[in-house]
Amino acid sequence: MKRNSYIAKQSTPPSGRFGWLLGTIMRRETIVENDSALELLSPVQGDSILEIGVGPGRLVGRIAGAVPDIRVVGIDTSPTMVRMARRQNRCLISKGRVEIRTADAHALPFPGNYFHRAVTVNTTYFWVD
């Protein structure tokens, strides 16, 4: 398998040691996009927000830290990314402000109207039409 094919395959979803490394790289390389998404999201007190494709967990933590009395749920199809995001946000998780789940955007495990807002960065090109 060619290197680019291997990297692309690891991105959907990242797994194992290479997936962990990829998540570490993603955390650094998506800072600008995640900060822009947070600004556009404009969370307000009392919001319940969904992040689709939580990856290594940087954005979900930034959202939860931006406003008091807010609940943020991050989902990802990658168990490796879910573990990274949980580790990154363990303090916010212990306070009940963040929840991280393994789930797919095509079959959300939440009732309708559960979230006030949703955000995703660098994921839609992996979605099935």
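Peer 1: So what about the overall build of the protein chain? Which residues, and what values?
Peer 2: For the protein chain, the count of helices and strands is six helices and four strands. Listed by position from the N terminus, the elements making up the protein chain come as α-α-α-β-α-β-α-α-β-β. The buried share among the 129 residues of the protein chain stands at 40%. Residue pairs at least 24 apart in sequence account for 65% of intrachain contacts in the protein chain once pairs closer than 6 positions are excluded. Taken as a whole, the protein chain presents about 7700 Å² of accessible surface, with 53% of it coming from carbon and sulfur.

Peer 1: If you had to explain helix α3 (residues 31-41) to someone new, which residues and values would you point to?
Peer 2: Listing the buried residues of α3 in full gives N34, A37, L38 and L41. Down the axis, α3 shows its buried residues gathered within 100° of arc, on one side only. Away from its buried face by more than 90 degrees, α3 exposes V32, E39 and L40. A positive phi of about 45° marks S42, the residue just after α3.

Peer 1: Please set out the packing of aromatic side chains residue by residue, giving values where relevant.
Peer 2: By the definition in use, this model includes three aromatic pairs. Summarising the aromatic geometry, the rings of F110 and Y114 are spaced 5.3 Å apart at their centres and angled 25° between planes, so their arrangement reads as stacked. A relative accessible area of 34% means that Y114 is categorised as partly exposed. Both rings, one in Y114 and one in F115, keep their centres 4.9 Å apart while their planes meet at 75°; by these two values the pair is edge-to-face. Grouping aromatic residues by their ring pairs yields a cluster made of F110, Y114 and F115.

Peer 1: Tell me about the nonpolar core, and please be specific about residues and values.
Peer 2: Formed by 19 residues in total, the largest nonpolar core has its most connected members in L59, V60, I63, V72, V98, I100 and V119. Within the residue set of this core, elements represented by two or more residues are α3, α4 (58-66), α5 (79-88) and β3 (98-102). At four residues, the largest contribution of residues to this core is made by α4. The next biggest cluster of nonpolar side chains, apart from the first, holds seven residues, and it includes I52, I75, A103 and F110.

Peer 1: So, the side chain of N34: which residues are in play, and what are the values?
Peer 2: Tracing the backbone shows N34 in helix α3. If we ignore the near neighbours within four places in the chain, the residues touching N34 are R58, L59 and V121.

Criteria and cut-off values
Residues numbered from 1 in each chain as written. Predicted model: local features only at pLDDT ≥ 70, side-chain atom pairs only at ≥ 80, totals over all residues. Heavy atoms only, no water. Helix = DSSP H or I, 4+ residues; strand = E, 2+ residues; numbered from the N terminus. Buried < 20%, exposed > 50% of the residue type's maximum accessible area, 1.4 Å probe, protein only. Contact = heavy atoms within 4.5 Å. Areas by Shrake-Rupley, 256 points an atom, 1.4 Å probe, with all protein chains shown as cover. Arc of directions from axis to C-beta. Phe/Tyr/Trp six-rings, centres within 6.5 Å; stacked < 30°, edge-to-face > 60°. Core = buried A, V, L, I, M, F, W, Y, C linked by side-chain atoms within 4.5 Å.

The quantities given are spatial measurements derived from coordinates; they are silent on function.
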